[in-house]
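Structural description and commentary
One letter stands for each residue in the lines below.
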Amino acid sequence: MRIAVDVGFGYTKAVNEAGKMVSFPSIVAPRAGGGIDIMGGDQDDYLVSLYSQGVRFGSYYIGDAGLTNNGTRAWDENFAQNRNLKTLVATALALVGDRTPVSLAVGLPMAYYRNQKEEVKDGLAALDMDVLIEKHQIRRTVMVKDIVVYPQGAGVYYGAVLTPAGEIKDMELMQQSVGVIDIGHRTTDVMAMSRGRKGLTPREDMIGGFDYGMNAAIKQIKAMVDKVSQANIPIYWVEQALTWNQGILEYKGKRYNLKKFETQVYAQVAELIVASVKQKWGQELDRLSVILIAGGGGSALYPFLKVELEMAKLVQDPGFANAQGFLAAQGLSFK
């Protein structure tokens, strides 16, 4: 089975060739012993145990369950050696896969792609384990038979012009100069395809990544609630409030509505991204026919980006745009 997995700093997204999709926060918390089963069983709550040759070597709370149990994303600049990477990918494959070996397509942030592509590829190519996901009654052997690694952001373009099988679905877009702004949790990736003498080609000078995304908004909202509460609120409490509780944060008997900060903060983060894009692309920006906006932060920031970038267009299902694009590019390569 062909499966694409986009392990973002914010969310892990996966889609298989039949169209089954799953998304959950990229958060992992170790589960000591058997743990106490008090989870509600919602689709983003996963109690996962990993086995090798019948021996359990790890048990974890993943996704919303990880956030509930104060788990970590544990990201650093060495994406390839992130201790959670294999756990997140194995969980995603178990959720959307079947009992057959997997042809896997994954992505890396632009900033890490060149230096870490081979290390990530080698690490995930050896993936072979049994995955038990409690309460979902899933126990599957996950085995990768082949793997390809794409840069995040490029997946957005592939998904816009190709079907999951790798067939052309938008010939008009394929013939235009196109930019991509892919806004994730921690990073924002950009790329451009430009018309040249030999046709449409990637613009090397217009490809790159910025080390900020929606996490910058969360940090700003935290600073604002710290000021009004006169406290030092843990940042994951802020994220929990925004993710689960319609922006309501409860602290020492008081309720703080974080939603009232969002418009101001999102406008500031969008302005930061636009400034970086303009500096990166320069006057070449004006020659683009369309700028595809995608990523988990794409929907939230699109109204503010559109004010400054009139060619901006929000892609369909922006959170899954990279995963769907990786699957499409993989389908094209198999042809």
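Just above, that's the structure.
Residues numbered from 1 in each chain as written. Predicted model: local features only at pLDDT ≥ 70, side-chain atom pairs only at ≥ 80, totals over all residues. Heavy atoms only, no water.

Here we take up the pairing of strand β9 (residues 138–151). Across seven bridges, strand β7 (residues 102–108) lies against β9 in parallel orientation. When the sheet's bridge partners are listed, Ala 105 is paired in β9 with Val 148. When strand β8 (residues 128–134) meets β9, the two strands line up antiparallel, connected through six bridges. By the bridge assignment, Val 131 is partnered in β9 with Arg 140. Counting the residues that bridge the hairpin from β8 to β9 gives three residues, and of these Lys 135 lies at a positive phi of roughly 70°. (Pairing = 2+ DSSP bridges. Helix = DSSP H or I, 4+ residues; strand = E, 2+ residues; numbered from the N terminus.)

Let us look at empty space enclosed by the protein. All chains considered together, the criterion is met by two cavities of 30 Å³ or more. In this structure, the second largest cavity spans a volume of roughly 30 Å³. What lines the second largest cavity is Leu 93, Ala 94, Gly 97, Asp 98, Thr 100, Val 102, Arg 140, Thr 141, Val 142 and Met 143. Those elements that provide at least two residues to the lining of the second largest cavity are α2 (85–96) and β9. (1 Å grid on protein atoms, 1.4 Å probe; cavity = no way out; pocket = protein on both sides within 12 Å on 5 of 7 lines; lining within 4 Å. Points joined across faces, edges and corners; volume = space filled by probe spheres on them.)

Quick look at the sheet that holds strand β3 (residues 21–25) now. Spatially, β3-β2-β1-β7-β9-β8-β5-β6-β4 is the arrangement adopted by the nine strands of the open sheet, whose pairing is mixed. With one partner strand each, in any of the chains shown, β3 and β4 (28–30) form the two edges of the open sheet. Looking at each pair of strands side by side, their axes are set apart by 30° on average, direction ignored. Bridge count between strand β2 (residues 11–16) and β3: five bridges; the pairing is antiparallel. Bridged to Thr 12 within β3 is Phe 24. (Axes fitted to C-alpha atoms, helices over the stretch in contact; angles between N-to-C directions.)

Okay, the pattern of salt bridges next. Counted according to the given criterion, the structure contains 11 salt bridges. A salt bridge links Lys 13 to Asp 6; the nearest nitrogen and oxygen atoms lie 3.5 Å apart. On the basis of relative accessibility, which here comes to 12%, the residue Lys 13 falls in the buried class. Judged by relative accessible area, which is 4%, Asp 6 ranks as buried. The network of salt bridges with common partners includes Arg 203, Asp 205, Glu 284 and Arg 287. (Salt bridge = Lys/Arg side-chain N within 4 Å of Asp/Glu carboxyl O. Buried < 20%, exposed > 50% of the residue type's maximum accessible area, 1.4 Å probe, protein only.)

A word on the pairing of strand β14 (residues 248–251). Here β14 shows one buried face, formed by Leu 249 and Tyr 251, and one open face, formed by Ile 248 and Glu 250. Where β14 meets strand β15 (residues 254–257), four bridges bridge the pair, whose relative direction is antiparallel. Paired with Tyr 251 across the bridge in β15 is Lys 254. Following β14, the chain reverses through two residues before pairing antiparallel with β15; Lys 252 in that reversal takes a positive phi of roughly 50°.

Quantified by volume, the largest pocket comes out at close to 690 Å³. Lining the largest pocket are 36 residues, and of these Tyr 11, His 185, Met 214, Gly 296 and Gly 297 sit closest to its centre. Elements represented by at least two residues in the lining of the largest pocket include exactly β1 (2–7), β2, β10 (178–183), α6 (214–229), α7 (235–244), α8 (259–281) and α9 (298–308). Among the elements that take part in the lining of the largest pocket, α6 stands out by supplying four residues, more than any other. Partitioned by chemical class, the residues of the lining of the largest pocket number 14 nonpolar, 14 polar and eight charged. (Nonpolar A, V, L, I, M, F, W, Y, C, P; charged D, E, K, R; others polar.)

Further remarks concern the packing of α6 against α7. Two numbers describe how α6 lies on α7: the axes approach to 10 Å, and their chain directions differ by 105°. The angle between α6 and α7 places the two elements in the roughly perpendicular class. Residues Ile 218, Lys 219, Ile 221, Lys 222 and Val 225 of α6 lie in contact with α7, whose contacting residues are Ile 235, Val 238, Glu 239 and Leu 242. For the contact of α6 with α7, a count of residues per class yields six nonpolar, no polar and three charged. (Parallel < 35°, antiparallel > 145°, perpendicular 65-115°, else oblique. Contact = heavy atoms within 4.5 Å.)

This part takes up α2. Three or four residues apart is the spacing at which side chains of an α-helix point the same way, because the helix has 3.6 residues per turn. Here α2 contains 12 residues, and its C-alpha end-to-end distance of 17 Å stays within 8% of the 16 Å for a straight helix at 1.5 Å per residue. Among the 12 residues that make up α2, 11 are buried, leaving the element largely enclosed by the rest of the structure. Of the positions making up α2, those classed as buried are Leu 85, Thr 87, Leu 88, Val 89, Ala 90, Thr 91, Ala 92, Leu 93, Ala 94, Leu 95 and Val 96. (Expected span 1.5 Å × (residues − 1).)

Two measures describe an aromatic ring pair: the distance that separates the ring centres and the angle between the ring planes. Taken as a whole and assessed by the stated rule, the structure comprises eight aromatic pairs. Between the aromatic rings of Phe 24 and Tyr 46, the centroid separation amounts to 5.4 Å while the plane-to-plane angle is 80°, which identifies the pairing as edge-to-face. Highlighted residues: Phe 24 in strand β3 and Tyr 46 in strand β5 (residues 45–52), separated in sequence by 22 residues. A network of ring pairs unites the aromatic residues Tyr 150, Tyr 157, Tyr 158 and Phe 326 as a single cluster. Sitting over the face of the ring of Tyr 51, Arg 139 holds its NZ or CZ atom 4.5 Å from the ring centroid. A cation over an aromatic ring shows up here: Arg 186 above the ring of Phe 9, its NZ or CZ 5.0 Å from the ring centre. (Phe/Tyr/Trp six-rings, centres within 6.5 Å; stacked < 30°, edge-to-face > 60°. Lys NZ or Arg CZ within 6 Å of the ring centre and 35° of its normal.)

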